[in-house]
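Breakdown of the fold
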2 protein chains.
Amino acid sequence: MSHPYKEFEPKWITDAPNPKSFRSIMKWGDPNFYKAPKEGLYKLIKSTFNLTDDDFKEMVDTGEQIVDMKVETKLSEEQVKAIKEIVGDEFATIDDFTRISLAYGKTMIDIMRLRKGIVENVPDIVVYPSTTEEVQKLLAYADSNGIKVYIHAGGSSVTRGTEPMVGPNMMIETQKRFNKVIEFNEVNQTITVQPGITGPALEKLLNNAPENFGSTKRYTCGHFPQSFEYSCVGGWVTTRGSGQNSTYYGCAADIVLSQEYVTPVGVIKSDNKPRKATGPDIDQIMMGSEGCFGILTQVTLKIFNLSEKHLKFSFMFPTWEEGMAVMREVMQGEFGHPSAFRLSDAEETDMMSHMYGIIGSPLEPMLKATGYKMHQRCLLLGFCDGEIGYQKNVVKNIKKIAKKHHGLYLTGYVTTSWEHGRFNDPYLRDTIQDYGIIIDTLECAVNWDNMPSVHDSVREVVKAWPNAICTCHISHSYPQGANLYFIFIIKTTSLEDFKKYHSSILKAIADSGAALSHHHGIGKLFAPYLEENIGTAQMNVNKELKKYFDPNNTLNPGGTLGLDEHPDNF
Amino acid sequence: MSHPYKEFEPKWITDAPNPKSFRSIMKWGDPNFYKAPKEGLYKLIKSTFNLTDDDFKEMVDTGEQIVDMKVETKLSEEQVKAIKEIVGDEFATIDDFTRISLAYGKTMIDIMRLRKGIVENVPDIVVYPSTTEEVQKLLAYADSNGIKVYIHAGGSSVTRGTEPMVGPNMMIETQKRFNKVIEFNEVNQTITVQPGITGPALEKLLNNAPENFGSTKRYTCGHFPQSFEYSCVGGWVTTRGSGQNSTYYGCAADIVLSQEYVTPVGVIKSDNKPRKATGPDIDQIMMGSEGCFGILTQVTLKIFNLSEKHLKFSFMFPTWEEGMAVMREVMQGEFGHPSAFRLSDAEETDMMSHMYGIIGSPLEPMLKATGYKMHQRCLLLGFCDGEIGYQKNVVKNIKKIAKKHHGLYLTGYVTTSWEHGRFNDPYLRDTIQDYGIIIDTLECAVNWDNMPSVHDSVREVVKAWPNAICTCHISHSYPQGANLYFIFIIKTTSLEDFKKYHSSILKAIADSGAALSHHHGIGKLFAPYLEENIGTAQMNVNKELKKYFDPNNTLNPGGTLGLDEHPDNF
């Protein structure tokens, strides 16, 4: 995906990477797809980092080198044989490339390491089970033989969630074979699936439910994270993910009705009842356990009507404060909620003005003339889901509130531009990084009354990197608060410098009074800041649960959720 | 509250009970209020149980006798002194009557025992702390001195939830002094309170928020269980209660944002963030723990806009099946949800036709003529909350769906009648029981596809009692299912027979595939059926958490949630 430049345009890597290269592992999504920055963004990057076109003539750390490493498995021949016997010979492998390709997720640290050809933690065997029974057997064998167990689904973790830190181990890959539909139930509006089903596979099944299941209506899963196209249901659920439409559909934890986990102490299976008062909620114990308490083997999700129309809207506000006031008033207005609902701060609005074509369009002079100044103005966009009368009432009320706060109505035009790119921005990250520019993100959850302060204090730390670009938006909002989603662009190829910088932002979030993660989960990367953030008392409950479910620390060990010691190579 | 009879009317006890009598403990609510059955209901009871007016001339087990028991406290003088030192001399008492009056809740077994002057489990001391620090000290002292701790808030439990089965013990009463507002936060739309605040006290504060807190808007708590007037926030939260408007506002577990619990291993305090992905959800572990993991000392609740108007509606449907179909379609329609939403089955509709004045009104001949037959027709009623455009859209869509399913629109008239009695029906229970007629209720949570089968199988067991009246309604619904709320009326004064009967219904619910409790909680009475209902694996997690939080089994021991052995006197 390219956009014609008027002036000098750098050369981008447009071909699919060699399937045996580090780049093939590192690159986001479809090997044949790439996304170049629009010219406006390219110019912004150049001017921000005092670069010239000459700086975009030589690429660095492209990861195009072939993976020719040999990494000995730490499993004995006997152990490999035993594991193969459980799943069948063709569904377990100690092949070097396969194992290396599942070592990492999509954390920036993973990308940087792969670009440099650094592979620190390689699973000792990759296994592809297809049934709960096989998973049970694998876990039982592993648990009684001192073999650690890691799970790989979509592999889009940005928290080093699945990295196999401790060995000997096995990596259970779920996307390939553990991805079936168990039951579709139209009366209850639910679908029960195995965890390895991808977002698009699930969504297509539901959109075409009349053809696939003989249903009377078409459905949607309602969960669309930016990683949608390359993420799996298992990851959504076990990390408490959120989709970009969570303001209407709810986060993964709201969409889950029941689950089945295989744990070292047995199978935990919750029921499908819509609500109950029968003691602590086991589903809410298992969700967020990120592979440390058990292996998710089945999940029943609520499904939603496929909306025929999506009413769109967008507004410009003179300031971030007025934009936030509108979001809060909308979320507290009790007239229904929009589905996508996104407010960009001033720096992001400026960048989006470049990226989504406001600058250069007839809008720009109008904005200037009416007092919506660059560096101050903020863009709010969104669209609705649900029955059409509901959507109309939501938009009507949003317009009323926006007007009160000096919002300039921009029609649905900007929303359409945003929608177009909303799943493919990760491709852009790869393209730009070929020239040593890093785009990464961090997010947190905040109450309304604390939002200006968190925004300021985290931004300050992000901005401490020389010339850092720091944009921020609210993309998931609630009556009691919202998330803040920070995107930062810096110039570096140093893994060590990046790690220090990333840690400083995590610490700033933890210190700011925000929740450490709104929907990225904790994994291994965020874990050092978790105890400070949730408190020791709560941390101890998590540790107690870990001890109960997994007394031998078989499941996802090596720092995940701060449940065991942090290894040295962190 | 009385309704003039045309024919013979039994004498009812209309005066407030002697404040030293068993009746004063047993009677629901305001001592000076009573509610007599309407003549239609009285006649129905007479004909159902083959009774004559003569059977309503002599009362039985009225509990009017004075409590003149002495129950020795099992605490030593030294222990009493130490406890008094913590809270102050005047806020702890071993007075017999006070202790006896807090022995029970409002379970039918409690009522029957009090009517007969039977008091089985009397707390050894009643304590009235006012701060978290005092609760901490009380728990620390109790835990290290082998004293068990029970909590009493509204005392409206219908599951023997607070009964102090094991001694020596202390009963912490929260309604009297542990009932303050800690913080009102309009920006975040939250209120933080101590657990002993009653429903009406909280609601009044919120309705008058501009006067009380200088807010810009008026608010509501959104939680209105039938026990509303005599229940406390602490009970709502720790038992996972639901109000009659939960279809719009959510159940207690949805309304809670954060909590503070004092436990034997320290204070657990969750944060106010609107949503997070930071591991297992501690709030959902503590809610439903029913006083067994810790003592709730503070809770932050979401608050809602006080609706200026409530659009009402009611419909008659030819059959239960069509009524259920409408509810399901409404809950799955994604046009918003009504607030109160209640479908009565045929037997309940017949009874409501008696109670709410349909029979005898011009409606009755019209209903007959248009094919809505007694014993088959089902009444659906409800009203809306939220912004007025939202309400209008909800009602518009409900009307459309109801029409499709042969619903006859009955205006809001019936809803108004129902609203009028919705908090004072418990008074009726007392009045009728003076003549040996018991009204009791049990409820469960069910998926839509299993609802007809659960309705049939539980009804069959209820109906096994000679001439039992069994009515049922759906009062809390969701896209994936709803509750079934059974009301049964039988004639008995035998505690033993009633216990056996009650158990048989609980067992029928557990066996039917429903969740054992939708919003009554589990307590001690339902506990024997819990493990079968949620499974041993989940039960073991609860037991593990209990062992962690409360290793000495200090908190609410004696069978609650099935976490310890069932005592003999059960």
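Residues numbered from 1 in each chain as written. Chains lettered and ligands numbered in written order. Predicted model: local features only at pLDDT ≥ 70, side-chain atom pairs only at ≥ 80, totals over all residues. Heavy atoms only, no water.

Notes on the overall build of chain A
Threshold: Helix and strand assignments follow DSSP, with helices taken as H or I runs no shorter than four residues and strands as E runs no shorter than two, numbered in order from the N terminus. Under the scheme applied here, a residue whose accessible area is under 20% of the maximum for its type counts as buried, over 50% as exposed, and between as partly exposed, the area being computed with a 1.4 Å probe on protein chains only. Each accessible area is a Shrake-Rupley result for a 1.4 Å probe, and residues are judged covered by the shown protein chains and nothing else. In this tally, Asp and Glu contribute negative charge and Lys and Arg positive charge; neither His nor the terminal groups of the chain are included. Charge coordinates come from a single atom per side chain, which is NZ of Lys, CZ of Arg, CG of Asp or CD of Glu.
Broken down by element type, chain A carries 22 helices and 19 strands. For the C-alpha atoms alone, the extent of chain A along its principal axes is close to 75 × 60 × 50 Å. For chain A, the proportion of its 570 residues judged to be buried stands at 64%. For chain A, the computed accessible surface area is about 19,800 Å², with 51% contributed by carbon and sulfur atoms. Charge separation in chain A, taken as the distance between the mean sites of 59 positive and 70 negative side-chain charges, equals 5 Å.

Re the interface of chain A and chain B
This is how the line gets drawn: We call two residues contacting when some pair of their heavy atoms lies within 4.5 Å. The term buried area refers to how much accessible surface (probe radius 1.4 Å) is lost by two components on association, counted for both of them together. Salt bridges are counted wherever a side-chain nitrogen of Lys or Arg sits within 4 Å of a carboxyl oxygen of Asp or Glu. Polar contacts here mean pairs of N or O atoms no more than 3.5 Å apart (in protein, one a potential hydrogen donor and the other a potential acceptor; neighbouring residues in sequence count only if both atoms are side-chain atoms). Amino acids outside the nonpolar list (Ala, Val, Leu, Ile, Met, Phe, Trp, Tyr, Cys, Pro) and the charged list (Asp, Glu, Lys, Arg) are all regarded as polar, and Gly is one of them.
Taken together, the contact between chain A and chain B spans 82 residues of the former and 82 residues of the latter. Across the interface of chain A and chain B, roughly 6,400 Å² is buried in total on both sides, 54% from carbon and sulfur atoms. Interface area lost by chain A to chain B is led by R275, E334 and Q480 of chain A, which between them contribute 13%. In this structure, D254 of chain A engages R275 of chain B in a salt bridge whose closest nitrogen and oxygen atoms are separated by 2.8 Å. Along the contact surface separating chain A from chain B lie 40 residue pairs in polar contact (both at pLDDT 80 or more). Here the side of chain A that touches chain B gets nine residues from one element, more than from any other, and that element is helix α22 (residues 536-549) of chain A. Partitioned by chemical class, the residues of the side of chain A that touches chain B number 36 nonpolar, 31 polar and 15 charged.

Side note on the sheet that holds strand β5 (residues 181-185) of chain B
Residue and element names in this part refer to chain B. What counts, and what does not: Strands are treated as partners if at least two bridges between them are detected by DSSP. Lines fitted to C-alpha atoms define the axes here, with helix axes fitted over just the stretch in contact, and angles between the N-to-C directions of these axes take values from 0 to 180 degrees.
Pairing is antiparallel in the open sheet, where five strands are placed in the order β5-β6-β10-β8-β9. One side of each edge strand has no neighbouring strand; the edge strands of this open sheet are β5 and β9 (266-269). Within this sheet the neighbouring strands show an average axis-to-axis angle of 10 degrees, counted without direction. Here four bridges tie β5 to strand β6 (residues 190-193), and the two strands are oriented antiparallel to one another. In the strand pairing of β6, N185 is matched with T190.

Some points on the packing of helix α13 (residues 320-331) of chain B against helix α16 (residues 388-404) of chain B
Residues and elements named next belong to chain B. Note the threshold: Crossings are sorted by hand: turned counterclockwise from the far helix by less than a right angle, the near helix makes the crossing left-handed, and turned clockwise it makes it right-handed.
Axis separation between α13 and α16 bottoms out at 9 Å; the angle between their running directions is 145 degrees. As for how α13 packs across α16, the hand of that crossing is right-handed. Residues V326, E329 and V330 of α13 pack against I398, I401, A402 and K404 of α16. Looking at side-chain class alone, the contact of α13 with α16 contains five nonpolar, no polar and two charged residues.

Examining the side chain of E348 of chain B
Residue and element names in this part refer to chain B. Counting through the fold element by element, E348 comes out in helix α14 (residues 346-355). Take E348: its relative accessible area is 3%, and that puts it in the buried class. Apart from the residues within four sequence positions on either side, E348 is in contact with R342, T471, C472, H473 and I487.

Focus on the state of the cysteines
Quick reminder of the rule: Disulfides are defined in this document as cysteine sulfur pairs within 2.5 Å.
The tally for this structure, following the rule as stated, stands at zero disulfides over all chains. In this structure C292 of chain A is a free cysteine whose sulfur lies 19 Å from that of C232 of chain A, the closest cysteine sulfur available. On the accessibility criterion, C292 of chain A (1% relative accessible area) is buried. The cysteine C472 of chain B is free of any disulfide, with C470 of chain B supplying the nearest cysteine sulfur at 6.6 Å. Given a relative accessible area of 0%, C472 of chain B falls into the buried group.

Observations concerning the relation of the copies chain A and chain B
The condition that has to hold: Only residues with pLDDT of at least 70 in both copies count here: their C-alpha atoms drive the least-squares fit that superposes the copies.
In screw terms, the move from chain A to chain B is a rotation of 180 degrees and a rise of 0.0 Å along the axis, fitting with an RMSD of 0.0 Å. Those values place the two copies in the arrangement expected of a two-fold rotation axis. Measuring from the rotation axis to each C-alpha of chain A, the shortest distance belongs to Q284 of chain A, at 3.1 Å. Taken as a fraction of all interface residues of chain A, those also at the interface in chain B reach 100%, which identifies the copy contact as same-surface.

Things to note about the confidence of the model for chain A
Fine structural detail should not be taken from predicted coordinates in areas where pLDDT scores are low. Using the following cut-off: For every residue, the predictor states its confidence as a pLDDT score lying anywhere from 0 to 100.
Mean pLDDT over chain A works out to 95, with 98% of the residues at or above the 70 mark. Here the complex is predicted with pTM 0.97, and the ipTM for its interfaces comes to 0.96.

Some points on unusual backbone geometry
All names here are of chain A. A cis amide bond links G167 with the next residue in sequence, P168, at an omega value of -5 degrees. Within the secondary structure, P168 is located in the loop between β3 (148-152) and β4 (169-173). Phi at R240 is positive, roughly 60 degrees, even though this residue is not glycine. Tracing the sequence through the fold places R240 in the loop between α9 (233-238) and α10 (246-249).

Section: helix α20 (residues 495-512) of chain A
All names here are of chain A. Quick note on the threshold: What a helix should span is 1.5 Å times the count of its residues minus one.
The terminal C-alpha atoms of α20, which comprises 18 residues, lie 26 Å apart, in line with the 26 Å expected from a rise of 1.5 Å per residue. Restricting attention to buried positions, one finds in α20 the residues L495, F498, K499, Y501, H502, I505, L506, A508, I509, A510 and S512. Packed against the buried residues of α20 are α5 (108-115), β16 (437-447), α19 (451-462), β19 (481-491) and α21 (530-534). Of the residues one or two after α20, G513 is the one with positive phi, at around 95 degrees.

Overview of the pairing of strand β6 (residues 190-193) of chain A
Residue alternation in β6 of chain A divides its side chains into two sets, T190 and T192 of chain A and I191 and V193 of chain A, and both sets are buried. Between strand β5 (residues 181-185) of chain A and β6 of chain A, which pair antiparallel and follow one another directly, the connecting turn spans four residues, one of which, Q189 of chain A, has a positive phi of 50 degrees.

Examining the packing of aromatic side chains
We apply this condition: Between the rings of Phe, Tyr and Trp (Trp by its six-membered ring), a pair exists once the centres lie within 6.5 Å; its type follows the angle of the planes, with under 30 degrees stacked, over 60 edge-to-face, and the other angles tilted. By definition, being over a ring means that NZ of Lys or CZ of Arg is both within 6 Å of the ring centre and within 35 degrees of the ring normal.
Taken as a whole and judged by the stated rule, the model has 46 aromatic pairs over all chains. With centroids separated by 4.3 Å and ring planes inclined at 10 degrees, the aromatic side chains of F184 of chain B and F213 of chain B adopt a geometry described as stacked. A residue pair is termed long-range when its members are at least 10 positions apart, and F184 of chain B in strand β5 and F213 of chain B in helix α8 (residues 209-213) qualify at 29 residues. The exposure class of F184 of chain B is buried, given its relative accessible area of 15%. Taken together, Y248, Y249, F304 and Y390 of chain A together with Y248, Y249, F304 and Y390 of chain B form an aromatic cluster joined through their ring pairs. One Lys or Arg, K399 of chain A, reaches over the ring of Y409 of chain A and ends 4.5 Å from the middle of that ring. Over the aromatic face of F8 of chain B sits the side chain of K57 of chain B, whose NZ or CZ is 5.2 Å from the ring centroid.

A look at a positive patch on the surface
For the record, the criterion: A patch consists of residues whose relative accessible area exceeds 30% and which take part in no salt bridge; residues with like charges are grouped when within 9 Å of each other, and nonpolar side chains (Val, Leu, Ile, Met, Phe, Trp, Tyr) when within 5 Å.
There is a patch of like positive charges on the surface, built from K309 and K392 of chain A together with K396 and K400 of chain B. Mapped onto the secondary structure, K309 of chain A falls in the loop between β11 (304-305) and β12 (312-317). Classification of K309 of chain A by relative accessible area gives exposed; the value is 54%.

So, the side chain of N447 of chain B
Structurally, N447 of chain B is set in strand β16 (residues 437-447). In contact with N447 of chain B, other than residues within four places in its own chain, are N188, N272, K273 and P274 of chain A together with Q480 and G481 of chain B.

Observations concerning the sheet that holds β6 of chain A
Residue and element names in this part refer to chain A. Across the sheet, five strands lie side by side as β5-β6-β10-β8-β9; this open sheet has antiparallel pairing. The open sheet has two free edges, formed respectively by β5 and β9 (266-269), since each of these has just one partner strand. The sheet shows a mean angle of 10 degrees between the axes of neighbouring strands, direction not considered. Strand contacts of helix α6 (residues 132-144): β8 (256-263), β9 and β10 (295-302), with the helix running at about 40 degrees to β8, the strand carrying the most contacts.

Remarks on the packing of α22 of chain A against helix α22 (residues 536-549) of chain B
Filter applied, for reference: For classification purposes, an angle smaller than 35 degrees is called roughly parallel, one larger than 145 roughly antiparallel, one from 65 to 115 roughly perpendicular, and anything else oblique.
The geometry of α22 of chain A relative to α22 of chain B is characterised by a closest axis approach of 11 Å and an angle of 135 degrees between their N-to-C directions. By the criterion of interaxial angle, the relationship of α22 of chain A to α22 of chain B is oblique. Here the hand of the crossing between α22 of chain A and α22 of chain B comes out right-handed. Of the residues in α22 of chain B, those in contact with A537, N540, V541, E544, L545, Y548 and F549 of chain A of α22 of chain A are A537, N540, V541, E544, L545, Y548 and F549 of chain B. In terms of residue class, the contact of α22 of chain A with α22 of chain B is made up of ten nonpolar, two polar and two charged.

Description of the environment of N212 of chain B
All names here are of chain B. You can see N212 is positioned in helix α8. For N212, a relative accessible area of 40% translates into the label partly exposed. Considered as a pair, N212 and N467 are 255 residues apart in the sequence and their alpha carbons are 53 Å apart. Leaving out residues up to four positions away in the same chain, N212 has contacts with K204 and L205.

Brief notes about the environment of H152 of chain B
All names here are of chain B. Checked against the element boundaries, H152 lands in strand β3 (residues 148-152). Under the relative-accessibility criterion, H152 is labelled buried at 5%. Each C-alpha atom of the pair H152 and D550 lies 19 Å from the other, and the pair is 398 residues apart in sequence. Leave out the neighbours within four places in its chain, and H152 touches L102, Y104, T162, M171, I172, E173, T174 and Q175.

Some words on the pairing of β4 of chain A
Here is the key point about a regular strand: its side chains alternate between the two faces of the sheet. All names here are of chain A. By the criterion of burial, β4 is predominantly enclosed, with five of the five residues buried. Across the two faces of β4 the burial is the same, with N169, M171 and E173 and M170 and I172 all buried. Direction of pairing for strand β2 (residues 126-127) relative to β4: parallel, over a ladder of two bridges. Bridge assignment links V127 to a residue of β4, and that residue is I172.

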